[in-house]
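Inside the fold
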Amino acid sequence: GHNGLSDGATEFIQVARTDTPATSSPDIVLQDFNLGNVSSDAFVPLAPHLTWAQGYRLGVVPGDDPFLLLDSRFYAGGATSVRGFEERSLGPRGPDGVAIGGQASAIFNQELRFPLWSRLHGGIFYDAGNAFALASDLDLRDLRQSVGAGLRLMFPFGPVRLDWSRVIDRQPGEKPSRFLFSIG
């Protein structure tokens, strides 16, 4: 694994957008957008058989049009994000109530990992994150949170995981907890 190393990626996209004000003919306006996605993972040994795994991810698309770049949006929620929530369920919603992702996201994962027996490991975790319609909407006070515990069966291709997670400050209509099964 990594030892406090971070990796980051930025992608430059040029988008052709048609603006059609009611009083003028359509114009094609080229706009440049810099997609920023930075992540950092750290694995800190706390004792001979106890590791503190940390993950930090921040994604941003600058701009003031929440419907721009719909195919390059950021999502939060799920087995590799905020485990107390359904996959890609956090953040802005469309008129039908379905999550549509956002132009910014922040996700933080903290987990204590420890061996139980042979290839079976355990973990307790805290996750926080959300997706935001615009980069200017990103506010760490609006992160959704969950806590939980899980088992990992270790294989050469990666772990097979079974996690249980409970939502902190549950909103109306949200499940209080959930089980997740994942590979990797």
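Residues numbered from 1 in each chain as written. Predicted model: local features only at pLDDT ≥ 70, side-chain atom pairs only at ≥ 80, totals over all residues. Heavy atoms only, no water.

Further remarks concern the packing of aromatic side chains. Tallied over the full model, the rule gives two aromatic pairs. A cation over an aromatic ring shows up here: Arg 83 above the ring of Phe 125, its NZ or CZ 3.6 Å from the ring centre. Across the ring face of Tyr 75, the terminal group of Arg 88 is positioned such that the distance to the ring centre comes to 3.6 Å. (Phe/Tyr/Trp six-rings, centres within 6.5 Å; stacked < 30°, edge-to-face > 60°. Lys NZ or Arg CZ within 6 Å of the ring centre and 35° of its normal.)

As a further point, take the nonpolar core. In terms of nonpolar packing, the biggest core is built from six residues, these being Ala 76, Val 82, Phe 85, Leu 90, Ile 107 and Val 167. With residues near it in sequence (within four places) discarded, Ile 107 still touches Gly 55, Tyr 56, Arg 57, Tyr 75, Ala 76, Ser 81, Ala 128 and Gly 129. In this structure, Ala 104, Ala 106, Ala 128 and Leu 143 belong to the second largest nonpolar core, which totals five residues. (Core = buried A, V, L, I, M, F, W, Y, C linked by side-chain atoms within 4.5 Å. Buried < 20%, exposed > 50% of the residue type's maximum accessible area, 1.4 Å probe, protein only. Contact = heavy atoms within 4.5 Å.)

Moving on to the environment of Asp 142. Within the secondary structure layout, Asp 142 lies in the loop between β5 (120-132) and β6 (144-155). For Asp 142, a relative accessible area of 41% puts it in the partly exposed group. The spacing of Asp 142 and Phe 132 is ten residues in sequence and 9.2 Å in space, taken between C-alpha atoms. Apart from residues lying up to four places away in sequence, Asp 142 is in contact with Asn 130 and Phe 132. (Helix = DSSP H or I, 4+ residues; strand = E, 2+ residues; numbered from the N terminus.)

Quick look at unusual backbone geometry now. Phi at Arg 88 takes a positive value of approximately 55 degrees, unusual for a residue other than glycine. Inspection of the secondary structure puts Arg 88 in the loop between β3 (50-60) and β4 (104-117). A relative accessible area of 45% means that Arg 88 is categorised as partly exposed. Unlike most non-glycine residues, Asp 169 shows phi in positive territory, near 55 degrees.

Predicted confidence across the protein gives a mean pLDDT of 83, with 78% of residues reaching 70 or more. Per-residue pLDDT stays below 50 along residues 1-33; that stretch engages in 62 contacts with residues further than four places along the chain or on separate chains. (pLDDT = per-residue confidence, 0-100.)

Moving on to the environment of Gly 150. Summarising the element assignment, Gly 150 is placed in strand β6. A residue is classified by how much of its surface remains accessible, and Gly 150, at 9% relative accessible area, is buried. For the pair Gly 150 and Gly 123, spaced 27 residues apart in sequence, the C-alpha separation works out to 5.3 Å. Dropping the residues within four chain positions of it, Gly 150 is found in contact with His 121, Gly 122, Gly 123, Phe 125, Leu 162 and Asp 163.

Evaluated as defined, the whole model comprises ten salt bridges. We note a salt bridge from Asp 163 to Arg 152, for which the minimum N-O separation is 2.5 Å. In this pair, Asp 163 is assigned in strand β7 (residues 158-168) and Arg 152 in strand β6, connecting sequence segments eleven residues apart. Salt bridges here are not isolated pairs; linked through shared partners, they connect Arg 83, Glu 111, Arg 113, Asp 127, Arg 152 and Asp 163. (Salt bridge = Lys/Arg side-chain N within 4 Å of Asp/Glu carboxyl O.)

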